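# Structure assessment
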Amino acid sequence: MSEYYRMFLRTAEEGVIERRTDINTGEEALYSNGKFIASSSGRTDFGEDLLVEKVRSEPHIIAFGAGHIGKALYDLAVLNDMKMTVLDDRKELLTEERFPLAERHIDNYENLLTREYPAVSPYYVIFTHGHEYDIACLEYALKHKASYIGMIGSKKKTERTFCLLREKGFSEDDIRRVHAPIGLAIGAETPEEIAISIMAEIISVFRSEKNVSVFDADLLRILAETEEGIVIRIIDKHGSAPRERGSMMLVTEKGSYGTIGGGAIEKDAAETAIKMLRENKKHLLKHYSLKADDDLGMVCGGDETLLFSSL
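Because the structure is predicted, anything quoted here is derived from the model rather than measured. (Residues numbered from 1 in each chain as written. Predicted model: local features only at pLDDT ≥ 70, side-chain atom pairs only at ≥ 80, totals over all residues. Heavy atoms only, no water.)

Okay, the overall build of the protein chain next. Helix and strand counts for the protein chain stand at nine helices and 16 strands. On C-alpha atoms alone, the protein chain measures out to a radius of gyration of 21 Å, which is about the 19 Å that the 2.2 N^0.38 rule sets for 311 residues. Within the protein chain, the fraction of its 311 residues that count as buried is 50%. For the protein chain, contacts bridging at least 24 residues in sequence account for 59% of all contacts bridging at least 6. As presented, the protein chain carries roughly 15,200 Å² of accessible surface, and 50% of it is formed by carbon and sulfur atoms. Side chains of the protein chain carry 40 positive and 53 negative charges; the gap between the two charge centres is 2 Å. (Helix = DSSP H or I, 4+ residues; strand = E, 2+ residues; numbered from the N terminus. Rg over C-alpha atoms; globule rule 2.2 N^0.38 Å. Buried < 20%, exposed > 50% of the residue type's maximum accessible area, 1.4 Å probe, protein only. Contact = heavy atoms within 4.5 Å. Areas by Shrake-Rupley, 256 points an atom, 1.4 Å probe, with all protein chains shown as cover. Lys, Arg positive; Asp, Glu negative; His and termini not counted. Charge placed at Lys NZ, Arg CZ, Asp CG, Glu CD.)

Next up on the list: the sheet that holds strand S15 (residues 283-289). Spatially, the five strands line up as an open sheet ordered S14-S13-S12-S16-S15, and their pairing is antiparallel. The sheet is open, and its two borders are formed by strand S14 (255-258) and S15, each paired with just one other strand. Across the sheet, the mean angle separating the axes of adjacent strands is 20 degrees when strand polarity is ignored. For strand S12 (residues 230-238) and strand S16 (residues 303-310), the ladder comprises eight bridges, and the chain directions are antiparallel. Residue Ile-234 lies in a different strand from S16, and its bridge partner there is Leu-306. Its contacts with the sheet place helix H9 (residues 263-279) against S12, strand S13 (248-252), S15 and S16, and it is angled at close to 160 degrees to S15. (Pairing = 2+ DSSP bridges. Axes fitted to C-alpha atoms, helices over the stretch in contact; angles between N-to-C directions.)

Turning next to the side chain of Glu-266. You can see Glu-266 is positioned in helix H9. Among the polar contacts made by the side chain of Glu-266, one reaches the main-chain amide nitrogen of Ile-260 at a distance of 2.9 Å. Once residues lying within four places of it in the same chain are set aside, the contact partners of Glu-266 are Met-249, Thr-259, Ile-260 and Gly-261. (Polar contact = N/O pair within 3.5 Å; in protein donor to acceptor, adjacent residues only side chain to side chain.)

Time to look at the packing of helix H2 (residues 68-79) against helix H7 (residues 191-206). For the pair H2 and H7, the least separation of the axes is 8 Å and the interaxial angle reads 50 degrees. In terms of their interaxial angle, H2 and H7 are classed as oblique. Here H2 and H7 pass one another in a crossing that is right-handed. Seen from H2, the contacting residues are His-68, Ile-69, Ala-72, Leu-73, Leu-76 and Ala-77; seen from H7, they are Pro-191, Glu-192, Ile-194, Ala-195, Ile-196, Ile-198 and Met-199. The residue makeup of the contact of H2 with H7, split by class, is 11 nonpolar, one polar and one charged. (Parallel < 35°, antiparallel > 145°, perpendicular 65-115°, else oblique. Left-handed = near helix turned anticlockwise from the far one by under 90°. Nonpolar A, V, L, I, M, F, W, Y, C, P; charged D, E, K, R; others polar.)

Here strand S1 (residues 17-21) runs beside strand S4 (residues 51-57); their pairing, made up of five bridges, is antiparallel. By the bridge assignment, Arg-20 is partnered in S4 with Val-52. Strand direction decides the pairing type here: S4 and strand S11 (residues 212-215), joined by four bridges, are parallel. Note that in S11 the partner of Ser-57 across the bridge is Phe-215.

Glancing now at the layout of surface pockets. Here the largest pocket defines a volume of roughly 380 Å³. Lining the largest pocket we find 25 residues, and of these Asp-81, Met-82, Lys-83, Met-84 and Asp-218 sit closest to its centre. Secondary-structure elements contributing two or more residues to the lining of the largest pocket are H2, strand S6 (83-88), S11 and helix H8 (217-223). Considered class by class, the residues forming the lining of the largest pocket number 11 nonpolar, six polar and eight charged. (1 Å grid on protein atoms, 1.4 Å probe; cavity = no way out; pocket = protein on both sides within 12 Å on 5 of 7 lines; lining within 4 Å. Points joined across faces, edges and corners; volume = space filled by probe spheres on them.)

Now the structure itself:
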């Protein structure tokens, strides 16, 4: 099973992949362009009559710059439950106090741009102070798999930057990957408004393909190193359930990782998973209603179905 999740991560770095799940057994398999990649059990006969989903990573923003726009974008990322990595050479700005939930990397940009940052098809945003390192950061982003690349600057600066990229051997396809000037055109002026325009553009890119399930890359890394536990996944949802289809949580005797939305459902699901572990039960399908007059007494409406599978 650990090898399955390692293959999941490696394949996901290439883009949207397909997951097929036998909901009667909890077994699942990965496909890329119709080609079988790996399965959780070694089984290879996963037909299309099973639960078939396109899957992609939840958004992970990598920001070059911790100034006013970086901080405002970070606040929006937290509001949208998005992961964010922030890079800057100014330790007085890139602090735990300003970016408590972000992964922070403080160093000069020459060093920062020689490193790799664990994220699957991240969303790169570039707004270094004084634009001094914007082009170097843009070159770095273009050399990596990315869901989105955005760089701040005027149209004149953008044209000049693209000319420099062509001189350095970047193709027109490379240049078309860059959203510059960054953000949707909403007439933004303040750092907070600019951050809203950037987040709106990121969301529009993320939501451009419909009916796609998400996964948490950090949780997949934990699963790749875990030998015993219960994986809980939302396989269907309707109404205003708080988390998306595909959201997962791992429950072990030592604790839980990830989330399927918190609250009464997550508490009940975790207790169910612990009971499965102790009874050596391998698979369970459970439906929850989120209406106020049902067992959990929730008022958000809708419903969701969870698949419980043993590692």
